[in-house]
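Listed here are the chains, written in short residue letters.
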Amino acid sequence: MIKKHILFFLLLVSVSICKAQLSPKEISVLKADLVKAVESSRLTDSLYKKLSKLPNKTPLITAYTGTLEALKAKHSWNPYNKIKYVKVSLKTIQRAIDSDKENMEIRFMRFSIEHYTPGFLGFSKDLDLDRKEIIKHYQNQNFGIADNILIKNVAKFMIDSKRCTTEEIKILKKFI
């Protein structure tokens, strides 16, 4: 369901996502662990518990929690649990979006999850909306706290997703 691209994205996010709640050393460990979590359900659970315990989560931390919930779906062998985790994940990320509608990183996390979720499950309803919002950020060069590496990799992912129009691809290619 969820591919390694999501964790690749997670690695490239701005270090400032957790500044108020995690030390720079903890952020470094978290980023390294996120890569390993793609292949480790135990580590996914551990990271999820750690982020879930943080008080006063920022919208971005909430979205990362939702992304880890999606990884729980990836690691589950039970089809019922896979669906349950994806549902919970998308609700969690929706809360993050409701708190920070203009955050490109959060929109991209949901886009990535929905992109890799089989369409027949009916969970990919926000793909077009998120794609348009992400493209709007590129058109306006409004990237918030996203660094240049993230901006470049989101653009690449969007193009590779084959979900963008020719005009949108032209906009994105300016940032690769």
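Residues numbered from 1 in each chain as written. Predicted model: local features only at pLDDT ≥ 70, side-chain atom pairs only at ≥ 80, totals over all residues. Heavy atoms only, no water.

**Brief notes about the overall build of the protein chain**
Scanning the protein chain from N- to C-terminus turns up 9 helices and 0 strands. Of the regular secondary structure in the protein chain, the N- to C-terminal order runs α-α-α-α-α-α-α-α-α. For the protein chain, buried positions account for 49% of its 176 residues. If you take every contact in the protein chain between residues at least 6 apart in sequence, the share linking residues at least 24 apart comes to 64%. Accessible surface for the protein chain amounts to roughly 9000 Å². Of this, 54% is attributable to carbon and sulfur atoms. (Helix = DSSP H or I, 4+ residues; strand = E, 2+ residues; numbered from the N terminus. Buried < 20%, exposed > 50% of the residue type's maximum accessible area, 1.4 Å probe, protein only. Contact = heavy atoms within 4.5 Å. Areas by Shrake-Rupley, 256 points an atom, 1.4 Å probe, with all protein chains shown as cover.)

**Brief notes about helix H6 (residues 104–116)**
Over its 13 residues, H6 runs 18 Å from end to end, which matches the ideal 18 Å to within 8%, given 1.5 Å per residue. Extensive coverage of H6 is indicated by the burial of 13 of its 13 residues. Two to three positions downstream of the cap, the backbone nitrogen of Glu 105 sits 2.9 Å from a side-chain oxygen, assigning the N-cap of H6 to Asn 103. (Expected span 1.5 Å × (residues − 1). Polar contact = N/O pair within 3.5 Å; in protein donor to acceptor, adjacent residues only side chain to side chain.)

**Remarks on the nonpolar core**
Membership of the largest hydrophobic core comes to 22 residues, with the highest contact counts inside it found for Ile 93, Ile 106 and Met 109. Broken down by secondary-structure element, the contributors of at least two residues to this core are helix H3 (41–53), helix H4 (59–75), helix H5 (79–99) and H6. When residues of this core are assigned to their parent elements, the largest contribution, 8 residues, is made by H4. Ranked by size, the runner-up nonpolar core spans 21 residues in total, among them Phe 111, Ala 155, Met 158 and Cys 164. (Core = buried A, V, L, I, M, F, W, Y, C linked by side-chain atoms within 4.5 Å.)

**Side note on the side chain of Thr 44**
Checked against the element boundaries, Thr 44 lands in helix H3. Within the local environment of Thr 44, its side chain forms a polar contact with the side chain of His 75, the two groups lying 3.1 Å apart. Among residues more than four places away in sequence, those in contact with Thr 44 are Ala 37, Leu 68, Leu 71, Lys 72 and His 75.

**A word on H4**
In a regular helix each residue adds 1.5 Å, so 17 residues correspond to 24 Å; H4 covers 25 Å between its end C-alpha atoms and thus fits that length. With 14 of 17 residues buried, H4 lies mostly within the body of the structure.

**A short note on the pattern of salt bridges**
Within the structure shown, the criterion is met by 11 salt bridges. Here Arg 110 makes a salt bridge to Asp 130, at a shortest N to O gap of 2.6 Å. Here Asp 130 lies in helix H7 (residues 127–140) and Arg 110 lies in helix H6, a separation of 20 residues in the sequence. The residue Lys 125 makes a salt bridge to Asp 126 at a minimum N-O spacing of 3.2 Å. (Salt bridge = Lys/Arg side-chain N within 4 Å of Asp/Glu carboxyl O.)

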